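Single-letter residue listing:
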Amino acid sequence: MELTGANSPSLIGGRFGTSVATSDVSGDGKLDFIFGAQTAAAVAGNFTGTAIGAPGDVSGNGIDDLLIGAHGATVNGQAAAGQFYTVYGNRTPFAINNDLATLGGEFVELWTGETAQAAVGFSMANQRGDFNGDGRPDVLVGGLRVDTAATDAGAGYLLLRNGTRYFANGFENSLD
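Residues numbered from 1 in each chain as written. Predicted model: local features only at pLDDT ≥ 70, side-chain atom pairs only at ≥ 80, totals over all residues. Heavy atoms only, no water.

S.K.: Which residues make up the sheet that holds strand E9 (residues 155-159), and what are the values?
M.R.: Here we have 3 strands laid out as an open sheet, ordered E7-E8-E9, and antiparallel in their pairing. If you trace the sheet from one side to the other, it starts and ends with strand E7 (120-124) and E9, each paired once. Taken over all neighbouring pairs, the strand axes of this sheet differ in orientation by 40 degrees on average, direction set aside. Pairing of E7 with strand E8 (residues 139-143) involves 3 bridges; the strand directions are antiparallel. Bridge pairing in E8 links Met 124 to Val 141. (Pairing = 2+ DSSP bridges. Helix = DSSP H or I, 4+ residues; strand = E, 2+ residues; numbered from the N terminus. Axes fitted to C-alpha atoms, helices over the stretch in contact; angles between N-to-C directions.)

S.K.: Which residues make up the pairing of strand E4 (residues 65-70), and what values go with them?
M.R.: Of all 6 residues in E4, 6 are buried; the element is thus mostly enclosed. Alternating positions in E4 separate into two faces, Asp 65, Leu 67 and Gly 69 on one and Leu 66, Ile 68 and Ala 70 on the other, with burial throughout. One ladder, built from 5 bridges, connects E4 with strand E5 (residues 83-87); its direction is antiparallel. Counted as the bridge partner of Leu 66 is Val 87 from E5. (Buried < 20%, exposed > 50% of the residue type's maximum accessible area, 1.4 Å probe, protein only.)

The following block contains the structure:
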């Protein structure tokens, strides 16, 4: 089987398949195919979809969730600070062409890098891992050019659940 972005005007030249994952984000008991398309983002230069991850049910609603990186996003005036979204799995699908930033806290949680050129969301783990033993998967995300240790040294961020909220670990959670 071959799936391509050739029949969708929004995906032509969008590098469909830049990243791939499988998970049951619709809650129907069947695996869903999830494809990133690097340059088909609502905001040019954000590189939304270069990295995607399927960590399992991090929200606790019984349906697997999805991570979508946008490592080129400008955040609070910080060019290419990067960001990533946790999109909650949902039995009621929403339109595929939605701008992630407009979905709101019911469907998506936004995490942002804090410094220019950090490129947070460049990579993310695509497997389930419960690092703190609370029964829910945690999230592991990379920042390609985080300068904390040295210029462009990079960083990995482990986001752990604390009840119903993530422990921020260097991130500013912009949706409650």
